Each structure stands twice: as structure tokens, then as C-alpha cells.
Amino acid sequence: MKCLIKIFTLIKSFVKSIKINYPIAKNTWFGSGGKTSIFFEAQSIISLKFFLSLLPINIPIFTIGMGSNILIRDGGIRGVTIKLKGDFNKIIIDKSNNVLKVGSGVKNIDLAKFCEVNNIGGFEFLIGIPGSVGGSVKMNAGCFKQSISDLITKITVIDRLGKIHTINKEKINFSYRKTEIPNQHIIIDSTFNMQKKSKTLIKNKMKSISLKRKTVQPTNTRTGGSTFKNTKSFKAWELIEKINFRGKSLGGAKISKLHPNFIINYNNAKSLDIEVLGEEIVEEVRKKTGIRLEWEIKRVGNFEKI
Ligand SMILES: Cc1cc2nc3c(=O)[nH]c(=O)nc-3n(C[C@H](O)[C@H](O)[C@H](O)COP(=O)(O)OP(=O)(O)OC[C@H]3O[C@@H](n4cnc5c(N)ncnc54)[C@H](O)[C@@H]3O)c2cc1C
């Protein structure tokens, strides 16, 4: 009987958490793109496990964080989009092992501020990266010569069948803005080493990072951050500079005048405007320099049917 009550409580909570034909664009920084067939906001590991166990295996899943590094195409996402909330927003200090366990739904900015309050150093760079911890681990986000992989010891993931696994750092294969974590795995939490640091030093470092970013990047605009990855020899913006594309627009999309590796949705852009403008950059840079830029922004979903 107890078990039955638990199942019904879960089903009841799902009804609120599941949305059909949901306009997922509003959950992204770009704010463009189509709908997702099903949107599920998971509040706990139990509900996520239960949901995955009920979901037919042929239905694809996509995990969304803060949507700060993705472009959802105008035809939307066929399948289920999952967002981690509730229990996934916890940060736990484990003093006996000198580690920090952070849920994937936690915003980078909140983690950085939590570390400041608790005199924990090393996380200051996250103040300027507007994603969730889950998305940042998946992307191996970083800036100012630091990336999230520097601090991590292990992650916990849930697979498509609802089974939980621990993956140690060495098995994640972190590289520049990339990991080998399979797309159908959802990162539920990450464990980081802790090091003590004075609050004043942390505060000052975060201040200087925020200030620097504001002067060189369009941080308060509808954008997906750096559109392309840097190459081994050149920064992506240096290559785009060679083709003089600052300020160039297409439909409602525009290349930032402040930072040419940022594309902005300045006037109700379609995702197609943004993607085609990006592809024009790739083509022109290739013609001019022989170098092929690689997209850092993840483009997901389908093109709109005409
Ligand atoms: C103004 C601006 C500045 C930025 N500056 C930087 C920067 O300096 N450095 C940098 O590295 N990035 C930067 N970014 C990009 C972005 O903020 C980071 O990549 C961020 O870590 C993405 O996190 P997110 O939660 O938004 O992920 P999303 O954009 O939602 O998703 C990104 C990828 O991660 C996957 N994902 C998300 N959550 C999970 C999860 N729990 N489990 C498994 N997979 C998951 C998604 O499926 C997707 O493939 C910037 C973006 C903006 C808009």
C-alpha cells in the first residue's frame, strides 16, 4: 500500500511537471526556436528515475540547463526535453573529504557566490559564465585560463534506463569545451575539490572578472556566448576580424560590434537567421584564411518545414 501511495504521489507531481508542445525558446538565452514535444521538469532523482523508466526507449531525450550555449532550431525538438530543478539545486560541503557536491541545476553564479561566502577558492571564474553547473560540466566551460575540469573529481549521471553511475574525472575525457559524456546521460551532480581562500581575495577576483567581461562582451543581450571555438593558433574572434563582419546582420540576427564571436538576437530573430549568419562567417573565414571554424554553440532540433 505504501508503495502504491508513493507511485500515485509521483504521478500527481508529474502532471504539474510535464508540459506538452512547450515553447522551449523561452528557456534559452537566444530566445529563438520552436517547441519541444514534451518538457519535463525533474524535481528529484526518484521522479527522474521513474520518468525515464516509463519513457519508451525509442523516444529521444535532451537535457537543457540554462540554455546559454544552445540554439534550438525553429522546427523544435522532437522528443522529451528535461530540465533539472528542486533537489538538483543543492550544494553540499563535505568537510571530511574536503569536497563540494553540487547539483546540476545550480547556476554557476550561485556556486561562485556560495564559495565566496564559505571562503572556498578556485570557483571565481564561474561568476561570468551564465550557465548551470550540469551544462558547464558537459561543455567543460571555462575562461581566463581556467575550466571546470580543473576542479572536478567525479560526476554522477543517470542513464537512459534510469540507472545511476559514478564517473571519475579520468573517464570523462575533458578537452577544450568538450567531454565524452554520452548525450543520453544526464549529469545529476558533480564533486569538486575545495581549497581555502580569503573572502577578500575571492571578492576582488570576481569583481575584476565581471568588470573585464562587461567591457569586452555583450553580456546582457540575447546571445549564446562564443559562437565558435578558438583554434590551436588563433582566437575565433581574430579570424572573424579578418573578414570585417562586426555589426553584419541577417533577419533579426546580428554579429556583435563589441565582440565579433558573439551573435545576437537583436530583433525577434529566427534560429535560422542566427545559424545562416554563423555559416556565412564559417564560409568567409575559410575562403580568407583556409581555416574552418568549429561551432561551440550546440545547435539542436529540426529545421522548420516550409
Ligand atoms: C553572455 C555569455 C557568455 C558566455 N561566456 C562563456 C565563457 O566565458 N566560457 C564558456 O565556457 N562558456 C561561456 N558561455 C556559454 C555557456 O554559458 C556555457 O557553455 C555554460 O556552461 C552552458 O551551461 P547551460 O546550463 O546554459 O547549458 P545549456 O546551454 O543548456 O546546454 C549546453 C549543453 O550541455 C548539455 N547539458 C546541460 N545540462 C546538462 C546535464 N545536467 N546533463 C547532461 N548534459 C547537460 C545540453 O544538453 C547541451 O548539450 C557564455 C554564454 C553566454 C550567453
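Participant: Is there a simple way to think about the nonpolar core in this case?
Facilitator: If you look at the biggest cluster of nonpolar residues, it comprises 31 residues, and the most contacted ones within it are Leu100, Leu111, Phe123, Leu126, Val137, Ile155 and Phe192. Elements with a minimum of two residues in this core: strand 7 (99-103), helix 3 (108-117), helix 4 (133-139), strand 11 (152-158), strand 13 (186-193) and helix 6 (199-216). If near-sequence neighbours (up to four positions away) are discounted, Leu100 is found in contact with Ile91, Ile92, Ile93, Leu111, Phe114, Cys115, Ile120, Phe123, Ser190, Thr191, Phe192 and Met194. Core analysis: the second largest hydrophobic core is formed by 20 residues, Leu71, Ile243, Ala269 and Ile297 among them.

Participant: Explain unusual backbone geometry here, please?
Facilitator: Excluding glycine, residues mostly carry a negative phi; peptide bonds, for their part, are mostly trans. At Asn119, a position not held by glycine, the phi torsion is positive, near 55°. Even without being a glycine, Asn268 presents a positive backbone phi close to 45°. For Asn268, a relative accessible area of 73% translates into the label exposed.

Participant: I tried to follow the environment of Lys270 on my own but got confused; where do I start?
Facilitator: Position of Lys270 relative to the elements: it lies in the loop between strand 18 (262-265) and helix 8 (271-289). You can call Lys270 partly exposed: its relative accessible area is 39%. Along the primary structure Lys270 and Gly31 are separated by 239 residues, whereas in three dimensions their C-alpha atoms are 9.1 Å apart. A distance of 2.8 Å separates the side chain of Lys270 from the side chain of Glu304, its partner in a polar contact.

Participant: In this structure, what is going on with helix 8? I would like to understand it.
Facilitator: Each turn of an α-helix holds 3.6 residues, which means side chains three or four residues apart point in the same direction. Its 19 residues give helix 8 an end-to-end C-alpha distance of 27 Å, which sits within 8% of 27 Å, the value for a rise of 1.5 Å per residue. Along helix 8, the positions that sit buried rather than exposed are Ser271, Asp273, Ile274, Glu275, Leu277, Gly278, Ile281, Val282 and Val285. In this structure, the buried side of helix 8 is in contact with strand 4 (70-72), helix 7 (236-241), strand 16 (249-250), strand 17 (253-255), strand 18 and strand 19 (298-300). Positioned one or two residues after helix 8, Gly290 has a phi angle of 80°, which is positive.

Participant: I'm lost on the sheet that holds strand 18 in this one. Help?
Facilitator: Backbone-to-backbone hydrogen bonds join strands into a sheet, with any given pair of strands oriented parallel or antiparallel. Taken together, four strands build an open sheet; the order of strands is 15-18-17-16 and the sheet is antiparallel. The sheet is open, and its two borders are formed by strand 15 (223-226) and strand 16, each paired with just one other strand. Both strand 17 and strand 18 contribute to a ladder of three bridges, which runs antiparallel. Directly across from Ala253, in strand 18, lies its bridge partner Asn265. Each of strand 16, strand 17 and strand 18 touches helix 8; the most contacted strand, strand 17, lies at about 30° to it.

Participant: Help me understand the domain arrangement of the protein in this model?
Facilitator: By convention, interface size is frequently given as the accessible area that disappears when the constituent parts associate. In terms of domains, the protein is made up of domain 1 (2-86), domain 2 (90-202) and domain 3 (218-300). A separation of 22 Å is found between the C-alpha centroids of domain 1 and domain 2. Opposite the 18 residues of domain 1 that make contact, domain 2 presents 17 residues. A combined buried area of about 1,500 Å² lies between domain 1 and domain 2, and 67% of that area is made up of carbon and sulfur atoms. Where domain 1 meets domain 2, there are zero salt bridges. Linking domain 1 with domain 2 are four residue pairs in polar contact (both at pLDDT 80 or more), by the criterion used here. Among the elements of the structure, helix 2 (45-54), strand 3 (61-64) and strand 5 (77-84) are those that each provide at least two residues to the side of domain 1 that touches domain 2. It is helix 2 that contributes the most residues to the side of domain 1 that touches domain 2, four residues altogether.

Participant: Looking at this model, I keep getting lost on the site of the ligand. Mind explaining?
Facilitator: Around the ligand, 33 residues are found, and the nearest of them are Thr63, Ser68, Ser132, Ser136 and Gly142. Ser68 places a side-chain nitrogen or oxygen 2.6 Å from an oxygen atom of the ligand. A distance of 2.7 Å separates a nitrogen atom of the ligand from a polar side-chain atom of Arg213. Alone, the ligand offers 970 Å² of accessible surface; in the complex the protein occludes 96% of this. Mapped by element, the contributors of at least two residues to the shell around the ligand are strand 3, helix 4, strand 9 (142-143), strand 13 and strand 15. Per element, the largest residue contribution to the shell around the ligand is five residues, and it comes from helix 4. Tallied by class, residues from the shell around the ligand come to 13 nonpolar, 16 polar and four charged.

Participant: Is there a simple way to explain the packing of helix 3 against helix 6 in this structure?
Facilitator: When two helices pack together, their arrangement is given by the angle between their axes and by how far apart the axes lie. One can describe the packing of helix 3 onto helix 6 by two numbers: an axis separation of 8 Å at closest approach and a directional angle of 150°. Taken together, the axes of helix 3 and helix 6 lie roughly antiparallel to each other. For the pair formed by helix 3 and helix 6, the contact residues are Ala112, Cys115, Glu116 and Val117 on the first element and Lys199, Ile202, Lys203 and Met206 on the second.

Reading the values: rules and limits
Residues numbered from 1 in each chain as written. Predicted model: local features only at pLDDT ≥ 70, side-chain atom pairs only at ≥ 80, totals over all residues. Heavy atoms only, no water. Core = buried A, V, L, I, M, F, W, Y, C linked by side-chain atoms within 4.5 Å. Buried < 20%, exposed > 50% of the residue type's maximum accessible area, 1.4 Å probe, protein only. Helix = DSSP H or I, 4+ residues; strand = E, 2+ residues; numbered from the N terminus. Contact = heavy atoms within 4.5 Å. Polar contact = N/O pair within 3.5 Å; in protein donor to acceptor, adjacent residues only side chain to side chain. Expected span 1.5 Å × (residues − 1). Pairing = 2+ DSSP bridges. Axes fitted to C-alpha atoms, helices over the stretch in contact; angles between N-to-C directions. Domains from an automatic or database assignment. Buried area = accessible area lost by both parts, 1.4 Å probe. Salt bridge = Lys/Arg side-chain N within 4 Å of Asp/Glu carboxyl O. Near = heavy atom within 4 Å. Areas by Shrake-Rupley, 256 points an atom, 1.4 Å probe, with all protein chains shown as cover. Nonpolar A, V, L, I, M, F, W, Y, C, P; charged D, E, K, R; others polar. Parallel < 35°, antiparallel > 145°, perpendicular 65-115°, else oblique.

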